[in-house]
Amino acid sequence: EYEPGSWIDEQALAKSYGISRTPMREALKVLSVEGLVTLIPRRGCYVAEIPEREVEEIFPVLALLEGRAAHEATVKASAEDVCHLQELHEKLERCAAKKDTDNFFEVNQEFHRTLHEIAGNRWLLQFINEMRKVMRLVRYHSLASEGRMEQSVAEHRHIMAAIGKRDAESAERLMRDHLLSGRDAFAKPQARVARKKSSRR
């Protein structure tokens, strides 16, 4: 809920959770280790800002991991699992048609989480979750690129078709391409403008 670079009011946050500042500080230390916040001596705690160079480095690695998860999920998915994924995909279609960026982002997150759970590989899930926590700080802005939502949902259609056909190799390749398309969208001028506006809030 906090924009990258924004200051975190520890006292107000602790009060909102009904806890003292000591456990709040401990929680923020954990988030700092995970790379989600930055603790600056005598200045306080800030939501982490991910340099664009690091984003460029993370996307290809995440694409490999997500591709493998799609492969394993395609092999292991039950008919019920495929139906559930299809329902989530249809929600994405509706969000894209309405240009509802906020709900599209959340449903997309749920789609990918569901796919990872179906894959059932705890190591993949652990690594992907760690990287996605960091990438949540920047991925929303990739949707600001003109036509990205429509492109993303079209990519999901192809992924779903591959899963439906039990074509694990195609599902893996399409998922990798999908993540790399997100990287390209993040680098587009519209997404840069959105990030600059966000940083000025």
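About the thresholds
- Residues numbered from 1 in each chain as written.
- Predicted model: local features only at pLDDT ≥ 70, side-chain atom pairs only at ≥ 80, totals over all residues.
- Heavy atoms only, no water.
- Helix = DSSP H or I, 4+ residues; strand = E, 2+ residues; numbered from the N terminus.
- Buried < 20%, exposed > 50% of the residue type's maximum accessible area, 1.4 Å probe, protein only.
- Polar contact = N/O pair within 3.5 Å; in protein donor to acceptor, adjacent residues only side chain to side chain.
- Contact = heavy atoms within 4.5 Å.
- Arc of directions from axis to C-beta.

Peer 1: What should I look at first to understand the environment of Gly182 in this one?
Peer 2: Along the chain, Gly182 falls in helix α8 (residues 168–186). On the accessibility criterion, Gly182 (5% relative accessible area) is buried. Considered as a pair, Gly182 and Met149 are 33 residues apart in the sequence and their alpha carbons are 10.0 Å apart.

Peer 1: Just to check I follow, could you spell out the side chain of Thr114 for this structure?
Peer 2: Relative to the elements of secondary structure, Thr114 occurs in helix α5 (residues 101–119). Of note is the side chain of Thr114, whose polar atom sits 2.8 Å from the backbone oxygen of Glu110. Discounting residues that sit within four places of it in the chain, Thr114 has contacts with His84, Leu85 and Leu88.

Peer 1: I would appreciate a short explanation of helix α1 (residues 10–17) in the present structure.
Peer 2: Since the α-helix packs 3.6 residues into each turn, any two residues three or four apart lie on the same face. Glu10, Leu13 and Ala14 are the residues of α1 that are buried. End-on, the buried residues of α1 take up no more than an arc of 100°, which puts them together on one face. Seen from the buried face of α1, the exposed residues on the opposite side, beyond 90 degrees, are Gln11, Lys15 and Ser16. Where α1 is buried, its residues meet β1 (7–8), α2 (21–33) and β3 (44–47). Its side-chain oxygen 3.2 Å from the backbone nitrogen of Gln11, Asp9 forms the N-cap of α1. Positive phi shows up at Gly18, right after α1, with a value of about 70°.

Treat this as a map of the structure, not an account of what it does.
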